[in-house]
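Fold and contact review
Given next are the chains, with one letter for each unit.
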Amino acid sequence: MSNPQHHVFILMGVSGSGKSAVANAVAHEANAAMLDGDYLHPRANINKMAAGHALDDNDRAPWLAALNDAIFAMERTNDVSLLVCSALKKSYRDRLREGNRNLHFIYLKGDKAVIEERLKQRKGHFFKPQMLVSQFATLEEPNEQEQDVQAIEIDQPLDGVVADTLAYIRRVAAQ
């Protein structure tokens, strides 16, 4: 049974939208637990992405199962937990929702030009900038039917994105 006071927030969006940077800052500010979902990818997925190939739904299935289990555990142990996960398709988000009542999504929303510029500045990450095209092709933007998703515009300084994210988390946690 999940604790109704415990919440897990998935920071979602395409690569380069700032998920890890925002999650790190928010985790520090809110004293929240944080997990980067990339750490739960199977070795084959990491090798495939490192070779410049996009993952398909079959590649993602064991990863989504591992993330779902992590969310289940986080809901039981922490007041506020953050999970960094692209969650690009509605079917992925639905898979993560299975059995996890206190789950919320924070969609770091930005246009392709802003994100492409950020990716060009990155160093030491296995994501290749040319994969951005496939990320946007895969992205199924959340709509009003997904009531557990809050969009945060990323076309602002990081401090603003962090402040908007913290404000949303605090509103949800106070309910």
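This is a predicted model, so every value here is computed, not measured. For every chain, the first residue of the written sequence is number 1, and numbering continues from 1 onward in sequence order. At least 70 in pLDDT is required for a residue's local features to be given in this predicted model, at least 80 for side-chain atom pairs to be given and counted, and no such filter applies to totals for whole chains, interfaces and linings, which use all residues. Based on all heavy atoms of the structure, the side-chain values leave hydrogens and waters out of the count.

**Digging into the overall build of the protein chain**
Working definition: helices are DSSP H or I runs of at least four residues, strands are E runs of at least two. Numbering for both runs from the N terminus. What the protein chain contains, in helices and strands, is 7 helices and 5 strands. By its C-alpha atoms, the protein chain is 40 × 35 × 30 Å across when sized along the principal axes. Exposed residues in this analysis have more than 50% of their type's maximum accessible area, buried residues have under 20%, and partly exposed residues fall in between, with area computed by a 1.4 Å probe over protein chains only. Buried residues in the protein chain amount to 46% of all 175 residues. The contact definition used throughout considers only heavy atoms, calling two residues in contact when any of these lie within 4.5 Å. Residue pairs at least 24 apart in sequence account for 79% of intrachain contacts in the protein chain once pairs closer than 6 positions are excluded. Entry remark: accessible area of the protein chain is about 9000 Å², with carbon and sulfur atoms responsible for 50%. Areas reported as accessible are Shrake-Rupley estimates using a 1.4 Å probe. Residue values count occlusion only from the protein chains shown.

**Observations concerning the packing of helix H1 (residues 19–30) against helix H7 (residues 158–174)**
Between H1 and H7, whose axes approach to 9 Å, the crossing angle comes to 55°. When the axes of H1 and H7 are compared, the pair comes out oblique. For the pair H1 and H7, the sense of crossing is right-handed. Within the contact between the two elements, H1 uses Ala21, Val22, Ala25, Val26, Glu29 and Ala30 and H7 uses Leu158, Val161, Val162, Thr165, Leu166, Ile169 and Arg170. To get an axis, fit a line to the C-alpha atoms, keeping to the stretch in contact for a helix; angles then go from 0 to 180 degrees between the N-to-C directions. Roughly parallel here means an angle under 35 degrees, roughly antiparallel means over 145, roughly perpendicular means 65 to 115, and every remaining angle is called oblique. Helix crossings get a hand from a simple test, with the near helix turned counterclockwise from the far one by less than a right angle marking a left-handed crossing and a clockwise turn marking a right-handed one.

**Overview of the pattern of salt bridges**
When their charged atoms lie close together, side chains carrying opposite charge are able to pair. Each reported salt bridge corresponds to a side-chain nitrogen of Lys or Arg within 4 Å of a carboxyl oxygen of Asp or Glu. All told, the structure shown has 10 salt bridges when counted by the stated rule. With its nearest N and O atoms 3.0 Å apart, the salt bridge here joins Lys89 to Asp57. A residue pair is termed long-range when its members are at least 10 positions apart, and Lys89 in the loop between strand E3 (80–84) and helix H4 (90–97) and Asp57 in helix H3 (residues 57–77) qualify at 32 residues. Classification of Asp57 by relative accessible area gives partly exposed; the value is 38%. One salt-bridge network, in which partners are shared between bridges, spans Lys90, Arg93, Asp94, Arg97, Glu146 and Asp148.

**Examining unusual backbone geometry**
Although it is not a glycine, Asn31 sits at a positive phi angle of roughly 50°. Inspection of the secondary structure puts Asn31 in the loop between H1 and strand E2 (33–36). Since its relative accessible area comes to 72%, Asn31 is described here as exposed. With a phi close to 45°, Ala87 is a non-glycine residue in the positive phi region.

**A closer look at the side chain of Thr165**
By secondary structure assignment, the location of Thr165 is in helix H7. Taking relative accessible area as the criterion, Thr165 reaches 0% and is therefore assigned buried. A polar atom in the side chain of Thr165 sits 2.8 Å from the backbone oxygen of Val161. Identification of polar contacts relies on pairs of N or O atoms within 3.5 Å, with a donor-acceptor requirement for protein atoms, meaning one able to donate a hydrogen and the other able to accept it, and with residues adjacent in sequence counted only if both atoms are side-chain atoms.

**Some details on the nonpolar core**
Working definition of a nonpolar core: buried Ala, Val, Leu, Ile, Met, Phe, Trp, Tyr and Cys residues. They are joined through side-chain atoms within 4.5 Å. The biggest cluster of nonpolar side chains holds 44 residues, and the ones touching the most others in it are Ile10, Leu82 and Leu96. The element contributing the most residues to this core is H7, with 6 residues. Those residues within four positions of Leu82 in sequence are excluded, and the remaining contacts are Phe9, Leu11, Ala23, Val26, Ala27, Ala32, Ala33, Met34, Leu35, Met74 and Ile169.

**A short note on the environment of Ala61**
Structurally, Ala61 is set in helix H3. Residue classification places Ala61 among the partly exposed residues on the basis of a relative accessible area of 43%. Taking the C-alpha atoms as reference points, Ala61 and Ile115, separated by 54 residues in sequence, lie 26 Å from one another.

**A few points about the packing of H3 against H4**
Axis separation between H3 and H4 bottoms out at 8 Å; the angle between their running directions is 35°. Crossing of H3 against H4: the hand is right-handed. Contacts between H3 and H4 pair Asp57, Arg60, Leu64, Ala65, Leu67, Asn68 and Ile71 from the former with Tyr92, Arg95 and Leu96 from the latter. Polar here means any residue other than Ala, Val, Leu, Ile, Met, Phe, Trp, Tyr, Cys and Pro, which are nonpolar, and Asp, Glu, Lys and Arg, which are charged; Gly is therefore polar. By residue class, the composition of the contact of H3 with H4 is 6 nonpolar, 1 polar and 3 charged.

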